[in-house]
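For reference, the chains in residue letters:
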Number of protein chains: 4
Amino acid sequence: MKFAVIGGDMRLAMLAGLLAADSHEVKTFAIEKTAPLRGVTQTSLAGEAAQGADCVVLPLPLATREGVLVTPLSGGLYTTREIFAALSPGQVICAGKVDDASRETAGLMGLEIIDYIEREELAVANAVATAEGAVQLIMEETDVTLCRMRALVIGFGRIGKLLCHRLRGMGAYVTASARSWADTAWIHAYGYEAMDTGRLEGALGKFDVVVNTVPARVLGYGRLRELKRGCLCLDLASRPGGVDFTAAARLGVKAVWSLGLPGEVAPVTAGAIIRDTVYNILSERGAAD
Amino acid sequence: MKFAVIGGDMRLAMLAGLLAADSHEVKTFAIEKTAPLRGVTQTSLAGEAAQGADCVVLPLPLATREGVLVTPLSGGLYTTREIFAALSPGQVICAGKVDDASRETAGLMGLEIIDYIEREELAVANAVATAEGAVQLIMEETDVTLCRMRALVIGFGRIGKLLCHRLRGMGAYVTASARSWADTAWIHAYGYEAMDTGRLEGALGKFDVVVNTVPARVLGYGRLRELKRGCLCLDLASRPGGVDFTAAARLGVKAVWSLGLPGEVAPVTAGAIIRDTVYNILSERGAAD
Amino acid sequence: MKFAVIGGDMRLAMLAGLLAADSHEVKTFAIEKTAPLRGVTQTSLAGEAAQGADCVVLPLPLATREGVLVTPLSGGLYTTREIFAALSPGQVICAGKVDDASRETAGLMGLEIIDYIEREELAVANAVATAEGAVQLIMEETDVTLCRMRALVIGFGRIGKLLCHRLRGMGAYVTASARSWADTAWIHAYGYEAMDTGRLEGALGKFDVVVNTVPARVLGYGRLRELKRGCLCLDLASRPGGVDFTAAARLGVKAVWSLGLPGEVAPVTAGAIIRDTVYNILSERGAAD
Amino acid sequence: MKFAVIGGDMRLAMLAGLLAADSHEVKTFAIEKTAPLRGVTQTSLAGEAAQGADCVVLPLPLATREGVLVTPLSGGLYTTREIFAALSPGQVICAGKVDDASRETAGLMGLEIIDYIEREELAVANAVATAEGAVQLIMEETDVTLCRMRALVIGFGRIGKLLCHRLRGMGAYVTASARSWADTAWIHAYGYEAMDTGRLEGALGKFDVVVNTVPARVLGYGRLRELKRGCLCLDLASRPGGVDFTAAARLGVKAVWSLGLPGEVAPVTAGAIIRDTVYNILSERGAAD
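Residues numbered from 1 in each chain as written. Chains lettered and ligands numbered in written order. Predicted model: local features only at pLDDT ≥ 70, side-chain atom pairs only at ≥ 80, totals over all residues. Heavy atoms only, no water.

**Q** Explain the overall build of chain A to me, please; I cannot follow it from the model alone.
**A** The number of helices and strands found in chain A is 11 helices and 12 strands. A total of 289 residues make up chain A; the buried ones form 59% of that total. A sequence separation of at least 24 residues applies to 56% of the contacts in chain A between residues at least 6 apart. Of the roughly 11,500 Å² of accessible surface on chain A, a fraction of 49% belongs to carbon and sulfur atoms. Across chain A, the 29 positively charged side chains and the 32 negatively charged ones have centroids separated by 7 Å. (Helix = DSSP H or I, 4+ residues; strand = E, 2+ residues; numbered from the N terminus. Buried < 20%, exposed > 50% of the residue type's maximum accessible area, 1.4 Å probe, protein only. Contact = heavy atoms within 4.5 Å. Areas by Shrake-Rupley, 256 points an atom, 1.4 Å probe, with all protein chains shown as cover. Lys, Arg positive; Asp, Glu negative; His and termini not counted. Charge placed at Lys NZ, Arg CZ, Asp CG, Glu CD.)

Next up, the structure:
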């Protein structure tokens, strides 16, 4: 098959290389600030890359608020409208975190964009890489071993589940907190200690590390003040985040906010995750095996 | 608080004992064929048990098709209508697998029945006990160790997830199969080998045990014929089950269909699961802590 | 190669079948009370079985105190001297738990007996089957799930290490006790809670199950009295065992003494363990691959 | 109690702080290039630090070949003879990797030195930190996730056992190799794939990471050549190491030799390990609880 990869960060660069390694024909545009990728053809026009492609992969996220394509690995500046103009309705067009404006623009031009960030399999695979990156960060940011560390993971969604599993696997004593009884049942099912996210007060002083995974302000001044000296506080929640960093600074709590871990700690895997998801999308459309 | 436990199997008997152990006042009816339970008062009339109770717990399942209360631990025969007549609208009434007819009957009498089988936390906790019971069964039905056994678990829902976790924990080599890409991503996230439930053909010969958890005919003649001599085939799916037992018998495949494992292998835990769920229901209604 | 399997319990019967399945020529004697084994020739004279064999496998344990071959699967009664008379010095002769008298008798007849029970790989593999059997026993003897059970394993040798691993794998909260600081370090290395076997007093009341693996009287009246109502006490230690069963009976503590679990819960694996060890012995002697 | 900590790297500095945190009186000498440690008194003479101490802790390793105390955190230069002259026979004197010359010198001065590196509990605890550091290194040196990585660990001693456990805990597919049948039995007992360290040829091409833990040249040109492109090769063996780094460089294999991981990735834990061992030594001598 023929692919065009246009814009994006290291993950899309890796994606291009991985697609080529699978013997596909791959052309790229607007990711020129990367080392040459074996089997990948760099082009200098969006139209040249897109021409004849069965499938076009666009960045994650697709665009800025101003409708500009996200291209950290390029010196150029391109509106999504410009890029869309180079595509055609017969192509399978995939992009990540597609905003309403971009989707509307595309629609007016007769193009349908499939948002790969909405795919459950991508979310799960990203959660794996995020949990793993969190383990690495905790190792790097502390001067003790994970073994026998007392860890609290707030939230038992995808990332919470996998992070607990990994921390336990490294020898830590794991407590997870959740809001629903169903999640509490899952926490118990895996043999962790369970707490109610709404009632953490008075029980936070025993932990060596606290990791937040829920996108709500769960760690404000009062709770941060309870943490013991030297406790690491790691926030994996997307904006606006769950930790009051101003309060943390005031209290001398070491707090780290980490977003986009997959691309950072495992760019090849992050690229492979997008590749697998694109393959799944194509398979569902009967466009590939 | 005051509880009435009316009818049901060993799980409801255990429930009565556990409620009494929590210092509640507990009266029972129609579970008289059990050893006396410490702190529990047996009554000989439904009305006597229900009188003054804040909460009434009925069997799982509630009734037969004919509208008769399920009472394996009683010599008596009671219609649900009879039992409902002894209850009052102010009571919190919990029952399991409530059929439409019973619900309608109750409604006409001004009673609302809360079905505890529909609670997610109960389903998860039951899955734990089911997975554990499956491990016990495999141990009992084979003359080799779980350690290094090659196991295939079909389906990666609640029971599948937990069964894989336990089998891995016992040293088995675990493969799980699923239909969706999201489930495949979860299987990989936990480090198991993954297969597509729709494409098991040709790959079934290497397993020492195959456990089905999906309620669909996934193991018919063709697939059963592939199993190696001595492979154990365990079906945990509810009716109509996933294994063609006639074909299995014809092929000499050792196939076991197991339902209701929690109550069988861990009746106290099964009772505790209902207790916790009832407490949660009461808590949501502001009737208890 | 040619093998003779003479006497012994189900494990040796299974061994004979497994050797035949590996395409060896196998003759047996004094295990006639078993179902016919595919590819195995039953003989009615020790000499007939041993004649021409490269390797002769004898029971585990080899003999009674009176020098009689252990043959639970035979109606006959044979002295070890009788059996030895049928063997020749050129054969590799393997037996288990060889007593001094038997070894001396054999020596006088020019025979060297290799004791397979002294092989470390057999001890480890047996520990796996024992730990697994213990998990099965705990499941069968309790009416709650292993998940969230509070378990204490006394001793962190082979069986202790593996039992902790399996219990943790099933979702239990695991504490192990040991006497040496090195073992305590290992307990911590795997993330379990650690206790000093010499100082269990005052801390035994919280466990749901206590398993002893050390061959010393570690659970006497005083400690048993501390156990909570319903706590299961399992003794895996060889004679004289570690539990005061008289005291347990007096106190109403449910205590189970279990020996020979591998042969009981997984006879085929138990036979395979002996087979592998015999192969290793032969390999070291240059007699096989 | 009163402690003197003299010389050594970050681990001994951390040790001093930890002893003070346990309410002991602690004086240090020759570790002045570190941030002030709460509750610790820095002295400018060995005699001042040692004066009145119940226990003196010296570096790991104690001295250079030339008999000079190892003091990376000090600007001074001191012979062990000088330091010994400040100590007295009534003190418990602990040091690590004590060479024969130093031991003899001490003996002539009437001093007995206890080598804490020879303590099994310290070796186990260090293996935990080493295994964990190896996991961190693999994460940092690769651009894929550990999850589903195919890892080979050569050697199943302390570090090998724990590294396999952690890698499995992170979702990797783990193979371990060993030389003895007993170790192979342990590898199988934990559910890993096993290989013979002497017969790795022809099977190395499938691994994404290979970690050596045995102090012998197990990875020479021939084996390194088999590794697949991008495979990381990590050597944890002490001198002379197990990897032919010259061959690795020639072949373009990414090879990393890592020694002293505990002090590097978890200095506080490394200090705590020495503290615990010193406490154990004192306890055995009846000098402390």
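**Q** I tried to follow the interface of chain A and chain B on my own but got confused; where do I start?
**A** The parts lose accessible area when they come together, and the size of an interface is often stated as this lost area. Listed by partner, the interface residues are 19 residues for chain A and 19 residues for chain B. When chain A packs against chain B, the two sides together hide about 1,900 Å² of surface, and 72% of this comes from carbon and sulfur. For the chain A face of the interface with chain B, the top three residues by lost area are W181, W186 and Y190 of chain A, together amounting to 36%. Linking chain A to chain B there are 0 salt bridges. Taken together, the residues that form the side of chain A that touches chain B break down as 9 nonpolar, 3 polar and 7 charged. (Buried area = accessible area lost by both parts, 1.4 Å probe. Salt bridge = Lys/Arg side-chain N within 4 Å of Asp/Glu carboxyl O. Nonpolar A, V, L, I, M, F, W, Y, C, P; charged D, E, K, R; others polar.)

**Q** How should empty space enclosed by the protein be read in this particular structure?
**A** Once rolled over the atoms, a probe with the size of a water molecule shows which space is left empty. Inspection of the entire model under this criterion finds 6 cavities of 30 Å³ or more. Reported here for the largest cavity is a volume of approximately 420 Å³. Residue lining of the largest cavity: 20 residues in total, with H165 of chain A, H165 of chain B, H165 and R168 of chain C together with H165 of chain D positioned closest to the centre. Looking at the lining of the largest cavity, the elements that each hand over two or more residues are α6 (158-169) of chain A, α6 (158-169) of chain B, α6 (158-169) of chain C together with α6 (158-169) of chain D. Looking at the lining of the largest cavity residue by residue, the classes come out as 8 nonpolar, 8 polar and 4 charged. Considering only enclosed or pocket space, the second largest cavity measures out at about 60 Å³ in volume. (1 Å grid on protein atoms, 1.4 Å probe; cavity = no way out; pocket = protein on both sides within 12 Å on 5 of 7 lines; lining within 4 Å. Points joined across faces, edges and corners; volume = space filled by probe spheres on them.)

**Q** Whenever I open this one, the interface of chain D and chain A confuses me. Can you help?
**A** On the chain A side, the residues contacting the 25 residues of chain D number 25 residues. Of the roughly 2,100 Å² buried between chain D and chain A, counting both surfaces, carbon and sulfur atoms make up 58%. Three residues, E132, M139 and M170 of chain D, lead the burial of chain D against chain A; their summed loss comes to 26% of the area buried on that side. On inspection of chain D and its partner chain A, the count reaches 0 salt bridges. On inspection of chain D and its partner chain A, the count reaches 10 residue pairs in polar contact (both at pLDDT 80 or more). Mapped onto the side of chain D that touches chain A, the elements with two or more residues apiece are α5 (120-141), α6 and α11 (267-284) of chain D. When residues of the side of chain D that touches chain A are assigned to their parent elements, the largest contribution, 7 residues, is made by α5 of chain D. When the residues that make up the side of chain D that touches chain A are grouped by side-chain class, the tally is 12 nonpolar, 7 polar and 6 charged. (Polar contact = N/O pair within 3.5 Å; in protein donor to acceptor, adjacent residues only side chain to side chain.)

**Q** What is the right way to read the relation of the copies chain A and chain B from this model?
**A** For the pair of chain copies, the relating operation is a rotation around an axis with a shift along it. Of the transformation placing chain A onto chain B, the axial shift is 0.0 Å and the rotation is 180°, giving an RMSD of 0.0 Å. Here the two chains are linked by the operation of a two-fold rotation axis. Ranked by how close their C-alpha atoms come to the rotation axis, the residues of chain A are headed by H165 of chain A, at 5.3 Å. Here 100% of the interface residues in chain A have copies in chain B that are interface residues too; the copies meet face to matching face. (Least-squares fit on C-alpha atoms with pLDDT ≥ 70 in both.)

**Q** Whenever I open this one, the packing of aromatic side chains confuses me. Can you help?
**A** Any two aromatic rings considered together are summarised by their centre-to-centre distance and by the angle between their planes. Evaluation of the coordinates by the stated rule reveals 22 aromatic pairs over all chains. Connected via pairs of aromatic rings, a cluster forms that spans F156, W186, Y190 and Y192 of chain A together with F156, W186, Y190 and Y192 of chain B. Its end group placed over the ring of W257 of chain B, R239 of chain B keeps NZ or CZ at 5.6 Å from the ring centre. (Phe/Tyr/Trp six-rings, centres within 6.5 Å; stacked < 30°, edge-to-face > 60°. Lys NZ or Arg CZ within 6 Å of the ring centre and 35° of its normal.)

**Q** Whenever I open this one, the relation of the copies chain D and chain A confuses me. Can you help?
**A** After a rotation of 180° and a shift along the axis of 0.0 Å, chain D superposes on chain A with an RMSD of 0.1 Å. Comparing interface residues between copies, 100% of those in chain D also sit at the interface in chain A, which points to an isologous, same-surface contact.

**Q** Sorry, what's going on with the sheet that holds strand β1 (residues 2-6) of chain D here?
**A** The pairing of strands in a sheet happens through backbone hydrogen bonds and is either parallel or antiparallel. All names here are of chain D. Spatial strand order, β3-β2-β1-β4-β5-β6: 6 strands in an open sheet with parallel pairing. Only two strands of the sheet have a single neighbouring strand rather than two, namely β3 (40-42) and β6 (113-115). Along the sheet, successive strands turn relative to each other by an average axial angle of 25°, direction set aside. Bridge analysis of strand β5 (residues 92-95) against β6 gives 3 bridges, and the strand direction is parallel. From the neighbouring strand, C94 faces β6, where its bridge partner is I114. Lying over the sheet, helix α1 (residues 10-21) contacts β1, β2 (25-29), β3 and β4 (55-57), oriented at roughly 165° with respect to β1. (Pairing = 2+ DSSP bridges. Axes fitted to C-alpha atoms, helices over the stretch in contact; angles between N-to-C directions.)

**Q** Before we go on, may I ask you to explain the pattern of salt bridges in this structure?
**A** Should the charged atoms of two oppositely charged side chains come close, the side chains can pair. In total, this model carries 47 salt bridges over all chains according to the counting rule given. Put simply, K254 of chain D and E141 of chain D hold a salt bridge, and the shortest N to O gap is 3.3 Å. With K254 of chain D in strand β12 (residues 254-257) and E141 of chain D in helix α5, the pair connects residues that are 113 residues apart, well separated along the chain. On the accessibility criterion, K254 of chain D (41% relative accessible area) is partly exposed. D196 of chain D is the salt-bridge partner of R199 of chain D, the closest N and O atoms lying 3.9 Å from each other. Its relative accessible area of 60% is what places R199 of chain D among the exposed residues. Because the salt bridges share partners, they merge into one network encompassing R119, E121 and E284 of chain A.

**Q** I tried to follow helix α11 (residues 267-284) of chain A on my own but got confused; where do I start?
**A** The periodicity of an α-helix, 3.6 residues per turn, causes residues three or four places apart in sequence to face the same way. All names here are of chain A. For α11, built from 18 residues, the straight-helix expectation of 26 Å at 1.5 Å per residue is met to within 8% by its first-to-last C-alpha distance of 26 Å. Among the 18 residues of α11, 14 are classified as buried, and the element is accordingly described as predominantly covered. Just past α11, the residue G286 takes up positive phi, approximately 75°. (Expected span 1.5 Å × (residues − 1).)

**Q** How do you make sense of the environment of M195 of chain D when you look at a structure like this?
**A** Along the chain, M195 of chain D falls in strand β9 (residues 193-196). Every residue in contact with M195 of chain D, bar those within four places of it in the chain, is listed here: L152, T175, A176, S177, A178, L200, A203 and F207 of chain D.

**Q** What am I meant to see in the packing of α5 of chain D against α6 of chain D here?
**A** Think of two packed helices as two axes; the pair is described by the angle between the axes and how far apart they sit. All names here are of chain D. Across the interface, α5 lies against α6 with an axial gap of 8 Å and an inter-helix angle of 45°. Classified by the angle their axes make, α5 and α6 are oblique. Crossing of α5 against α6: the hand is right-handed. Of α6, the residues touching α5 (which contributes E120, A123, V124, A127, V128, T130, A131, A134, V135 and I138) are R158, I159, L162, L163, R166 and L167. Within the contact of α5 with α6, the residues separate by chemical class into 12 nonpolar, 1 polar and 3 charged. (Parallel < 35°, antiparallel > 145°, perpendicular 65-115°, else oblique. Left-handed = near helix turned anticlockwise from the far one by under 90°.)

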